Amino acid sequence: MRGILVNWLIEVHFKFDLMQETLYLMITLLDQYLSQVPIKKNEMQLVGLTALLLASKYEDFWHPRVKELISISAESYTRDQVLGMERLILKKLKFRLNTPTPYVFMLRFLKAAQSDSKLEHLAFYLI
Amino acid sequence: MFSGREVEWDASNRIWSWEKNIVYKGKCKDTGEDVAVKQIPYDSSKGKFEGIHPNLIREVTILRRLSPHQYIVQFHNTFCVNDNKRPLWNIVFEYLSCTLKQLIKQKLDPSNVKRLIYQILSGVAHCHSHSVIHRNLNSESILFEENSRRIKIAGFGLSRSCSIPFGVEEKFLKSYSPGVEAADISYQPPEFLLLSENYSLSSDMWSVGCIFAEMARGDVLFEANSCSVSQLSEIFSVLGTPTEADWAGVTSYIGWEEELEALDYNFTSKDLTLEALKAKVPALDVDGMDLLSQMLTYNPSERITAKKALDHAYFKNLDKTEL
């Protein structure tokens, strides 16, 4: 189930043209929240979308509007639900959004390896 | 909401405000301790709430990581209240009554300047060791605690944490600059004003240089101008117009305009630049001037780092046990 959600979120992330860093942070936030809180099956998508919202607020200089996020989920949730979930996640994770993601490490390794663009694409495909 | 500490404040006791963000002086109900409460309304677009403001998320995340530290303002907690159905987020900090700007107005003697700039550099080095760019260092975002005679860096609303700068994605680098337009223009480094993407921790060091000079001369080094071109010409009139030799690529940045080229502030040698700067800050000794000129270096990659600055000869005779 997580796999399906993440696949879908990657598509959403791509559609909004957000930064790479945002994608990895979103998945980290999602995993951290899910590992701490038991949720209902029909809330899974809500948690995923809110993780995307938070990650892009922290990382990007632009974030998708709540309305757009709701419409992309086929109007399954309301604005209040998304904003409520935002507060819940932040509270649960104690505002610690600065967790290291695989992306940061990969950047460092690639720099150390003096990689070319072919290696970079392969590396980012693998993580 | 997060640590359960009850805080009360009086709306008439406003200490600072900027756009919709307001800071009140408050009190902790349990301990009676004075606190500062910063209120930030929900982010909204076209009348619809967009949730918690990105700047608040960044500020709290960064402060959680940086404090406690002796030169960083102490962050207590954050909670939400509803004011007529408008959710307001509150960040609670320790209360400090005096800003560095107020302190500078009372005139600082050279030994105090040395002590304070050392403290500021220690605080900035702490931020930088956690990959946090402050982006809004100025004499009002640095507070002063009278009892311990220590400065505390505050105002992290525009800060960002940055991972390793990496040249592949143009977009990645660009994303670091939006938002800084709101920072105080007098302290902005030339790479901001020129809209360069060459943007990293060293940008804060320019601002520290401006603060250092301000403390030594008792007044702002570069007066604030209304636009970036006039701000740049103000800087050039003191430090000379940068050439490609000083800073490769400077004339090809988006913010570089022909108007700037026409300004004839070409100092032929480094000594002449030092003299012009010296005229602005006569109170500094030779070592101090050397440190200042290394902070106000045009090329960001040649600018001194906070950590290196702490080892500069200027601090040789500073008693570091009494900081």
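Reading the values: the criteria
Residues numbered from 1 in each chain as written. Chains lettered and ligands numbered in written order. Predicted model: local features only at pLDDT ≥ 70, side-chain atom pairs only at ≥ 80, totals over all residues. Heavy atoms only, no water. Salt bridge = Lys/Arg side-chain N within 4 Å of Asp/Glu carboxyl O. Helix = DSSP H or I, 4+ residues; strand = E, 2+ residues; numbered from the N terminus. Buried < 20%, exposed > 50% of the residue type's maximum accessible area, 1.4 Å probe, protein only. pLDDT = per-residue confidence, 0-100. Contact = heavy atoms within 4.5 Å. Buried area = accessible area lost by both parts, 1.4 Å probe. Arc of directions from axis to C-beta.

A. Expanded view of the pattern of salt bridges. Going through the model one piece at a time under the given rule, you end up with 8 salt bridges over all chains. A salt bridge links arginine 2 of chain A to aspartate 31 of chain A; the shortest N-O distance between them is 2.7 Å. Pair noted here: arginine 2 of chain A is in helix H1 (residues 2-15) and aspartate 31 of chain A is in helix H2 (residues 20-36), with a separation of 29 residues, a long-range link. Between glutamate 59 of chain B and lysine 38 of chain B there is a salt bridge, with its nearest N and O atoms 3.1 Å apart. Placement of the pair is glutamate 59 of chain B in helix H1 (residues 54-66) and lysine 38 of chain B in strand E3 (residues 34-41), with a sequence separation of 21 residues. For the residue pair glutamate 59 of chain B and lysine 38 of chain B, the accessibility class agrees, reading buried in each case.

B. Expanded view of the confidence of the model for chain B. Residue and element names in this part refer to chain B. Averaged over all residues, the pLDDT of chain B is 81; the fraction at 70 or higher stands at 85%. Confidence drops under a pLDDT of 50 for residues 164-178, and excluding neighbours within four residues, the segment shows 36 contacts in the predicted structure. Reported confidences for the modelled complex are a pTM of 0.85 and an ipTM of 0.84.

C. Structural view of the interface of chain B and chain A. On the side of chain A, 33 residues touch chain B, which itself brings 33 residues to the contact. Counting each side, the surface lost to burial between chain B and chain A is near 3200 Å², with a carbon and sulfur contribution of 61%. Run the count over chain B and chain A and you get 1 salt bridge. Arginine 79 of chain A serves as the salt-bridge partner of glutamate 50 of chain B, at 3.9 Å between the closest nitrogen and oxygen.

D. Layout of helix H6 (residues 102-112) of chain A. Residue and element names in this part refer to chain A. Residues of H6 that are buried: Tyr103, Met106, Leu107 and Leu110. Angular distribution of buried residues about the axis of H6 spans 105°; they occupy a single face of the element. Along H6, exposed side chains directed more than 90 degrees from the buried face belong to Phe109 and Ala112. Next to the buried residues of H6 lie H2 and helix H7 (117-126). The first or second residue beyond H6 is glutamine 114, which carries a positive phi of 50°.

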